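Examining the three-dimensional arrangement
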Amino acid sequence: MTRGRVLVVGLDPARTPGWDPAPVVAAIARGQARFDDLGIAADLCLVAPDEDAERAIVEALTRRDYACVVVGGGIRKHEPLLVLFEKVVNLVRQHAPGAAIAFNSSPEDTADAALRWLH
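Residues numbered from 1 in each chain as written. Predicted model: local features only at pLDDT ≥ 70, side-chain atom pairs only at ≥ 80, totals over all residues. Heavy atoms only, no water.

1. Brief notes about the packing of helix H2 (residues 53–63) against helix H4 (residues 82–95)
How we decide: Axes here mean lines fitted to C-alpha atoms, for a helix over just the part in contact, with angles spanning 0 to 180 degrees between N-to-C directions. Helix numbers and strand numbers start at the N terminus; a helix is a DSSP run of H or I with at least 4 residues, a strand a run of E with at least 2. Here roughly perpendicular refers to angles of 65 to 115 degrees, roughly parallel to angles under 35, roughly antiparallel to angles over 145, and oblique to all remaining angles. Should the near helix be turned anticlockwise from the far one by less than a right angle, the crossing is left-handed, and should it be turned clockwise, the crossing is right-handed. Any two residues whose heavy atoms approach within 4.5 Å are treated as being in contact. In this count, Pro and Cys sit with the nonpolar residues alongside Ala, Val, Leu, Ile, Met, Phe, Trp and Tyr, while Asp, Glu, Lys and Arg are called charged and the others, Gly among them, polar.
Here H2 crosses H4 at 30 degrees, and the two axes come no closer than 10 Å. Considering their axes alone, H2 and H4 lie roughly parallel with respect to each other. In the packing of H2 onto H4, the handedness of the crossing is right-handed. Within the contact between the two elements, H2 uses Ala53, Glu54, Ile57, Val58, Leu61 and Thr62 and H4 uses Leu84, Lys87, Val88, Leu91, Val92 and His95. Partitioned by chemical class, the residues of the contact of H2 with H4 number eight nonpolar, two polar and two charged.

Structure (C-alpha cells):
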C-alpha cells in the first residue's frame, strides 16, 4: 500500500535549553526507524522555540506535499509553548490544508500517530 509522506514537527533537543538531548535524540531515531520499517516516507522539522521556528516550519510544509503532519509533545505539552503550538496548527492548516494533523505521545510512537490518519 502506498502511503503519503509525513512531516514530523517537534522541538530540537540539542537546541532546547534545560533538556538532556541524548535520550530524546535516541528516541527520535527509534521513531524514524519505525517509519522506515513501515515503508513510510517521513521528514523531520525540529525547531528551537527561541529561534525563527515559524519560518522553518513554513519552509518544511511547503517543501513537499504531506498527507499527515505529526506535532510532537514537546511543543504541545509544555505550557509556555502554547502560542507556538497554536502557530503550528494554523500553519499546517494554511500551508498544507490537505494534510491530517496527528499527535504522538512520545518520539517512538510518531509513526503510529501518523498511521491513524494515513490511508
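2. Thoughts on the pattern of salt bridges
Short version of the rule: We define a salt bridge as a side-chain nitrogen of Lys or Arg found within 4 Å of a carboxyl oxygen belonging to Asp or Glu. Relative accessible area decides the class of each residue, using a 1.4 Å probe on protein chains only: under 20% of the type maximum gives buried, over 50% gives exposed, and in between gives partly exposed.
Under the definition given, this model contains nine salt bridges. Here Asp112 ties to Arg34 by a salt bridge, and the two come within 2.7 Å at their closest N and O atoms. Linking Asp112 in helix H5 (residues 110–115) with Arg34 in helix H1 (residues 21–38), this pair joins segments that are 78 residues apart in sequence. Of the residues examined, Asp112 reaches a relative accessible area of 29% and is grouped as partly exposed. Residue Arg34 is classed as partly exposed on the basis of its relative accessible area, which comes to 29%. A single network of salt bridges, built from pairs that share partners, joins Arg5, Asp43 and Arg64.

3. Some points on the nonpolar core
The condition that has to hold: For the purposes of this section, nonpolar cores are sets of buried Ala, Val, Leu, Ile, Met, Phe, Trp, Tyr and Cys residues that join through side-chain atoms within 4.5 Å.
Ranked by internal contacts, the top residues of the largest apolar core, which has 21 residues, are Leu7, Val9, Ile57, Leu61, Val69, Ile75 and Val88. Looking at this core, the elements that each hand over two or more residues are strand E1 (6–11), strand E2 (42–47), H2, strand E3 (68–71) and H4. The biggest single contributor to this core is H4, with five residues. Sequence-distant contacts of Leu61, that is, excluding residues within four places in its chain, are made with Leu7, Tyr66, Val69, Leu91, Val92, His95 and Ala96. Core analysis: the second largest hydrophobic core is formed by 13 residues, Val8, Ile40, Ala100 and Ala102 among them.

4. Quick word on the sheet that holds E3
Where we set the bar: Two strands are said to pair when DSSP picks up at least two bridges between them.
Across the sheet, four strands lie side by side as E2-E1-E3-E4; this open sheet has parallel pairing. If you trace the sheet from one side to the other, it starts and ends with E2 and strand E4 (100–103), each paired once. Each neighbouring strand pair of the sheet contributes to a mean axis angle of 20 degrees, computed without reference to strand direction. Pairing analysis gives four bridges linking E3 to E4, with the strands arranged parallel. Bridged to Cys68 within E4 is Ala100. Contacting E1 and E2, H1 crosses the sheet at an angle of about 160 degrees to E2. Strand contacts of H4: E1, E3 and E4, with the helix running at about 150 degrees to E4, the strand carrying the most contacts.

5. Considering the side chain of Thr110
Here is the rule: In protein, a polar contact means a hydrogen-donor-capable atom and an acceptor-capable atom, both N or O and within 3.5 Å, with residues adjacent in sequence counting only if both atoms are side-chain atoms; elsewhere, any N or O pair within 3.5 Å suffices.
Here Thr110 is to be found in helix H5. Here the side chain of Thr110 touches Asn104 through a polar contact of 2.8 Å, side chain to side chain. Apart from residues no more than four positions distant in its own chain, Thr110 is found in contact with Val8, Phe35, Val70 and Asn104.

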